[in-house]
Amino acid sequence: MNVLAKDKFDTLRIHAGYKPENHQFASSVPIYQTAAFGLSNTEVANEIVQGKHPDRFDYTRDGNPTSHVLEERIAAIEGGIEAVSVGSGMSAISFTIFNVAEGGGRIIAPTNIYGSSLDEFRNFFPKFGINFDFVDDVNDFDKIKSLIQDDTKAIYVESVANPSTEIADIETLAKIAHDAGIPLIVDNTFPTPYLLRPFEFGADIVVYSSTKGINGHGNTLSGLIVDHGKFNWASGKFPQFTEEEFTLGDEESDDHESFYSKFGAAAFIKRIRVKYVRLLGSVLSPIDSYFVLLGLETISERLDKEVASATKIAEFLRDNEHVERVYYSGIEKDNSLVAKYFSKGVGSILSFELKGNEKNIAKLIDNVHVFSYLPNIGDAKSLIVNPSRTTHREIPAGIRTKHALNNQVIRLSIGLEDIDDLIGDLRNGFEKAFD
Ligand SMILES: *Cc1c(COP(=O)(O)O)cnc(C)c1O
């Protein structure tokens, strides 16, 4: 089975990056549960560490065959030059921000993003000399342009915001970034590459919490970083890619290299692997890579069903007397960004504001039985959560209330159960919440 880049998504998600003939013809990608790999003999060892045997591995922190299949597969379905797998979505985000703004600089980001991301951007990265300029509206292009300064290193957005499902106009944001000589970084966790591939609209780096919809079964944490391979890192704004790097050269032959001179278009993603994963750790373990690969095989069918059910549930909620407002771009008929970016739907996550007070919220959550009350999304099981008290509690109320996140908001992640049971569960929950 030789998969070609021209193959379509549904073929690539099952076959890309894997050649069974190199693995005893195993049908399922083997789990290489090992810390290290034999080096054969001293001569071969020398060649392996110099990167002359791309099919050989030495130590799982530097690379592992199971994780390698996942990385190749994601790069193929995303249309990127290379991908790196890491231990969690937060590692993917952290390593990407450090790699682009190492040594200090500014990054522009919206305030309506994942709770831990906003906490890290507001309160943690500044301790490393990386400061953020925030916008409340991700598509306020004039404001974003006005915030770009000499030391601005990137624009960072979520393609679909958590949990308001507001859509970022990636094509316009990529143009603004490129005009300023900086990359656009997109957290594409909500839609997954099945519903949206940001590179097609000019994004430069895509990050994922593959804990969510890519894996789809809520059984392991994982993160992915994918590089489009189109951004010019040699402009002078990013010296970390052009400065000489001892470990890339060869002392004996007096060979000097930088990430850019050695890897060209892949400088960014190679630097993530060689510096951040290798030196800071946070490696995705082989068995977890296997779980992600397994989940990925059914992503299209899962997402199609979840989007259909999420749409029906959003419509049910919109027409419910106890619901103040539904947040799901998928049912906004006049939303031009849905038409432009999401022909297959905006995803399985929606939220809504319940009328009443926090007692009604508690009663609703405590009286649903098909929905599980837990802080995750993108699972085959349907999930319910009160974000202001759980997933988004790191965000100050002043910012939360601007983004559909007051204490009356409930987030749902729609799984694969029967749609009648899901709606029946919510209907029963509403009755109990307001009796
Ligand atoms: C969950 C999530 C993350 C963090 O991912 P982990 O795998 O939990 O570290 C980042 N961004 C978004 C949009 C998320 O939903």
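Structure first, text after, so check above.
As a convention, each chain's residues are numbered from 1 in the sequence order in which they are written. The predicted origin of the model limits local features to residues at a pLDDT of at least 70 and limits the giving and counting of side-chain atom pairs to 80 or more, whereas totals for whole chains, interfaces and linings rest on all residues. Side-chain measures here rest on the full set of heavy atoms in the structure, leaving out hydrogens and waters.

Student: Where do I start with the overall build of the chain in this structure?
Tutor: On a plain count of helices and strands, the chain comes out with 17 helices and 12 strands. A globule of 435 residues ought to have a C-alpha radius of gyration of about 22 Å, and the chain, at 22 Å, matches this closely. Dimensions of the chain, computed from C-alpha atoms along their principal axes, come out at roughly 80 × 55 × 35 Å. Counting every position in the chain, which comprises 435 residues, the buried fraction comes to 55%. The contact definition used throughout considers only heavy atoms, calling two residues in contact when any of these lie within 4.5 Å. In the chain, the share of contacts with a sequence separation of at least 24, taken over all contacts with a separation of at least 6, comes to 72%. For the area figures, the Shrake-Rupley method with a 1.4 Å probe applies, and any residue is considered shielded solely by the protein chains shown. Accessible area of the chain: about 18,200 Å², with a carbon and sulfur share of 49%. We count Lys and Arg on the positive side and Asp and Glu on the negative side, and we leave His and both chain ends out. The atom standing in for a charge is NZ when the residue is Lys, CZ when it is Arg, CG when it is Asp and CD when it is Glu. In the chain, 44 side chains carry a positive charge and 63 a negative one; their mean positions are 3 Å apart. To qualify as a helix, a DSSP run of H or I must reach at least 4 residues; to qualify as a strand, a run of E must reach at least 2; elements of each kind are numbered from the N terminus. Taken over C-alpha atoms, the radius of gyration is set against a globule rule of 2.2 Å times the number of residues to the power 0.38. Relative accessibility thresholds used throughout: buried, under 20% of the residue-type maximum; exposed, over 50%; partly exposed, between the two (1.4 Å probe, protein chains only).

Student: In this structure, what is going on with the site of the ligand? I would like to understand it.
Tutor: Definition of nearness: a residue and a molecule or strand are near each other if at least one heavy atom of the residue lies within 4 Å of the molecule or strand. Near the ligand you find 14 residues, and of these Gly 89, Asp 187, Ser 209, Thr 211 and Lys 212 are the closest. Any pair of N or O atoms that falls within 3.5 Å is considered a polar contact. Within protein, one atom must be able to donate a hydrogen and the other to accept it, and sequence-neighbouring residues count only if both atoms are side-chain atoms. Between the ligand and the protein, one listed contact pairs an oxygen atom with a side-chain N or O atom of Lys 212 at 2.8 Å. Look at the ligand: alone it shows 380 Å² of surface, and the protein chains cover 94% of it. When grouped by side-chain class, the residues that make up the shell around the ligand number four nonpolar, seven polar and three charged. Polar here means any residue other than Ala, Val, Leu, Ile, Met, Phe, Trp, Tyr, Cys and Pro, which are nonpolar, and Asp, Glu, Lys and Arg, which are charged; Gly is therefore polar.

Student: I would appreciate a short explanation of the sheet that holds strand 2 (residues 105-110) in the present structure.
Tutor: Neighbouring strands of a sheet are bound in pairs by backbone hydrogen bonds; such pairs are parallel or else antiparallel. With mixed pairing, the seven strands of this open sheet are ordered in space as 1-7-6-5-4-2-3. Every other strand in the sheet has two partners, leaving strand 1 (82-86) and strand 3 (130-135) as the edge strands with one partner each. Ignoring strand direction, the axes of neighbouring strands in this sheet form an average angle of 20°. Two strands pair when backbone bridges link them, and strand 5 (residues 184-187) and strand 6 (residues 205-209) are joined in this way by three bridges, in the parallel orientation. Of the residues in strand 6, the one forming a bridge with Ile 185 is Ile 205. Note on geometry: axes are C-alpha line fits, over the in-contact stretch for helices, and angles between N-to-C directions span 0 to 180 degrees. Each of strand 2, strand 3 and strand 4 (152-158) is contacted by helix 5 (residues 115-124), which is oriented at about 120° to strand 3, the strand it contacts most. Think of it this way: DSSP has to see at least two bridges between two strands before they count as a pair.

Student: Explain the pattern of salt bridges here, please?
Tutor: Close approach of charged atoms lets side chains of opposite charge pair. Criterion for a salt bridge: a side-chain nitrogen of Lys or Arg within 4 Å of a carboxyl oxygen of Asp or Glu. Applying the stated rule across the entire model yields 15 salt bridges. Notably, a salt bridge pairs Arg 273 with Glu 71, separated by 3.3 Å at the nearest N-O pair. Of this pair, Arg 273 sits in helix 11 (residues 267-280) while Glu 71 sits in helix 3 (residues 65-78), placing them 202 residues apart in sequence. Residue Glu 71 is classed as buried on the basis of its relative accessible area, which comes to 7%. Salt-bridge contacts for Asp 379 lead to Lys 381; the nearest nitrogen and oxygen are separated by 3.5 Å. A relative accessible area of 6% places Asp 379 in the buried class. Taken together, the shared-partner salt bridges connect Glu 71, Glu 82, Lys 270 and Arg 273 into one network.

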